[in-house]
Amino acid sequence: MRWRAVPLSAWIGMAGMALAVFCAVFAPWIAPFGEREVVGDIWLPMGGDYLLGTDNLGRDLLSRLIYGAQTTIFVALAATVLAFCMGVMLSFTAAVAGGWTDQGLSRVNDLMMSIPTLIFALIVLAVLPQELWILIAVIAVLESTRVFRIGRAVALDITVMEFVEAARLRGERRLWIIFREILPNTLSPLLAEFGLRFAFSVLFLSTLSFLGLGIQPPEADWGGIVKDNKDGIIFGIPAALIPGAAIAGLAICVNLVVDWLLNRTASLKGGRGDG
Amino acid sequence: MAELLEVRDLKIGATAYPPGEPPQDITIVHGVSFTLQKGRVLGLIGESGAGKSTIGLAALAYGRGGVRITGGEVRLDGEDILALGGRGIRDIRGRRVCYVAQSAAAAFNPAHRLGDQVIEAALRHGTLTRSEAWERAKYLFGVLGLPDPDSFGQRYPHQVSGGQLQRAMTAMALCPGPELIVFDEPTTALDVTTQIDVLAAIKRAIDETHTAALYITHDLAVVAQVSDDIMVLRHGNMVEYGPVQQIIEAPQEDYTRQLVSVRQIQKPEAPEQSGALIRIDGVDAAYSGHFKVLHDVNVHVPRGQTLAVVGESGSGKSTLARVITGLLPPSKGAVTFKDKALPPRFADRSKEQLRQIQMLYQMADTAMNPRQTVRDIVGRPLTFYFGLRGQEKTKRVAELLEQIEMGKGFIDRYPAELSGGQKQRVCIARALAAEPEVILCDEPTSALDPLVAAGILKLLMRLQAETQLSYLFITHDIATVRAIADSIAVMYQGRVVRFGPKSQVLSPPFDDYTDLLLKSVPEMRLGWLEEVLTTRRMQSAGH
């Protein structure tokens, strides 16, 4: 790979993602104030000591945004990784095994997908105790249904190839076929899907937080900050829009990188893409 | 006589996209010149990548998929068509110059009737009225020997056979009465028994309509039957250009000489053919339980020898290999290996049984994992069957690469970095790594250029002589069979119609199908096609 061949849009995306990750990792050191520290009056305007102003309780918005990056990215990343582990494993098993295993797994997946995700998540989260790992697990399970769909489709294309047949005839076990023969050949599309799913997880988590079932206050997370400050919009105070912009920005950055990866994938398959 | 087509110093370029590198401009045809007179046929011949199709399409001033004509001139009746511009070229294409593609099945629109597609160009250019065009189409269907010429045009592409479709496409090209037709490998995708009919039809149609033609193919024996002149191409350069007789009988260049003599591998037949390594007894096989593809097959592969299974597509020869490997359990009968019954399903076979039967595929591209290096591909059976790791494994892989005449420099390459012949060699190394008793070869050479294919066959023969390997060699090419077989099984519609030692199977008295098959294989000499057709006519007159 040549760095010069990477388009500008991908560079912008990677820079945005790097900034978000940097904020998340070094939050305690770069945030000017504490996460829960009340530093001044409510909804102070931007500028001065408080670069982005203060929120509905008088906490520094920039600090909360930086700490929020930590929670948001951690939860979204954990959920996406988990979703991929489950989705890829199950979908590849379905594709390689075929027959009843495939039918069973695919129909259960269809069933899950037929329930609107948000309503499903709201019901489950309302019933279960409000803990971080449960939140992650619920998002992961819901996202994994989408991963299953694409994973099965991609793997089916590969399982009919002769090198997989050759591996079967050699007597290889199913796990070897999945991890050594199929997975490396599906990595590019899956990686692209990973980026996309991550962006959706951020949005989904933010939605849940906004509705009060995601991250619980006083912990900061981007969706939660929007919720806390939504009443300010009535008074012409932009505090709710800033975390909203952060969510949109991260989603766009991830998609820019994903678009580039998809292009590269297309050219790997022998197409004459411009990647 | 006036020159119809004059190509002078034609240069064609394209943009290459090497993986991970910026695009590069490359030249694929380096200054080729030739002339073609009215009513004559010029054969363009060469291996894949020689630029023959690209040159053919340049006669229509067309570059496929990013290919650009960068220099030279293409004159049709003295007029440089490269300088014509969009409207002028559209006026020429489909009226004065027509094109016949390799895969007629992919070139016809499945949603329209054949007749409407055949007359489309003539109507579009206003050369003929609808009723005149229909009359001409019917006449051409007749000339091309299509069944029921009056109603043939009413059919849809899926309702006719591949050979008929190819002839319909020739009719489509001839319908507007062009001065020049470009035939791009029109018979390559067809079975030999079908190929001969299409060849005869094309030849007759060219004779009757006095159309000039460029005939592109990789098969010298085919082009010798239809052409007046031949141009041999390699890597976008002209190698030799001359009348058919001179090229076939007195080639000047080394490369042409190799092409002419490529089919002359000979292997003496093994005298003793009784000791069976694999025995197939009364095997019936069916897909999804209903669609029966094998009927009562009885053959055996003698130890250390080659059984060639020959037949056209759909005759069940690949299915036979699937039955032996256990991918398709037979519905009746049994497969015996070393006098012991093999479990019908490969999943029920022991590691040892699996090791002893290895497989070689037609498409080496898809038979290797594109994300594994040669070391991993060849090394895996070593680890899997013999537990070799690290240094030991690397050493053995290097040995195997020596054995297939490639050398250990290839050990860290990916399949995409190998040529077609090298890929097939690596597949052979992978099969050899398992130290098998028998290798089932499913058309391993039919996707390769003749010279490369000959190299693979020689390698397989050498390995057999050295290690007493047995082969079950599936092919549709009689020349390959003659070259390598000890015994032959001829398959037709799922049945073995003839089985025995090579000398017996290939000598008369023949059954009807074997006779047809043997007579359909193009021979590398002039006048072969006419001879066969004359004998056929005499026979049908006699019956």
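### Here we look at the confidence of the model for chain A
For step 1, the next point in the chain: Here chain A shows a mean pLDDT of 86. Residues at 70 or above account for 95%.
For step 2, the next point in the chain: Counted against residues more than four places away or in other chains, residues 267-275 of chain A, with its pLDDT under 50, gives 15 contacts.

### Concerning the pairing of strand β6 (residues 97-100) of chain B
Residues and elements named next belong to chain B.
For step 1, the next point in the chain: Side chains Val97 and Tyr99 project from β6 onto one buried face, and the interleaved Cys98 and Val100 project onto a second face that is buried too.
For step 2, the next point in the chain: In terms of strand pairing, β6 meets strand β7 (residues 180-184) through four bridges, oriented parallel. Looking across to β7, one finds that Val97 is bridged to Leu180.

### Section: the sheet that holds strand β15 (residues 340-341) of chain B
All names here are of chain B.
For step 1, the next point in the chain: Across the sheet, which stays open at both edges, the four strands sit in the order β12-β11-β14-β15 with antiparallel pairing between neighbours. Each edge of the open sheet is held by one strand with a lone partner, namely β12 (291-302) and β15.
For step 2, the next point in the chain: Docked against the sheet, helix α12 (residues 317-325) engages β11 (276-287), β12 and β14 (332-337), running at close to 70 degrees with respect to β12.

### Structural notes on the environment of Arg430 of chain B
All names here are of chain B.
For step 1, the next point in the chain: Along the chain, the position of Arg430 falls in helix α17 (residues 420-433).
For step 2, the next point in the chain: On the basis of neighbour counts, which here come to 27 C-beta atoms within 10 Å, the residue Arg430 falls in the buried class.
For step 3, the next point in the chain: Each C-alpha atom, one on Arg430 and one on Arg375, is 9.8 Å from the other, the two residues being 55 residues apart in sequence.
For step 4, the next point in the chain: Other than its neighbours up to four places away in sequence, Arg430 contacts Ile377, Val378 and Pro381.

### Some details on the sheet that holds β7 of chain B
Residues and elements named next belong to chain B.
For step 1, the next point in the chain: Pairing within the open sheet is mixed, and its six strands lie in the order β6-β7-β8-β3-β9-β10. Because the sheet does not close on itself, it has two edges, and the strands there are β6 and β10 (237-243). Taken pair by pair, the neighbouring strands of this sheet meet at an average axis angle of 15 degrees, ignoring direction.
For step 2, the next point in the chain: Examined bridge by bridge, strand β9 (residues 229-234) and β10 share six bridges and lie antiparallel to one another. Its bridge partner being in β10, Leu233 is matched across the sheet by Met238.
For step 3, the next point in the chain: Helix α11 (residues 254-261) rests against β9 and β10 of the sheet, and its axis sits at about 105 degrees to β9.

Cut-off values and rules
Residues numbered from 1 in each chain as written. Chains lettered and ligands numbered in written order. Predicted model: local features only at pLDDT ≥ 70, side-chain atom pairs only at ≥ 80, totals over all residues. pLDDT = per-residue confidence, 0-100. Contact = placed C-beta atoms within 7 Å. Buried ≥ 20, exposed ≤ 12 C-beta atoms within 10 Å, placed from the backbone. Helix = DSSP H or I, 4+ residues; strand = E, 2+ residues; numbered from the N terminus. Pairing = 2+ DSSP bridges. Axes fitted to C-alpha atoms, helices over the stretch in contact; angles between N-to-C directions.

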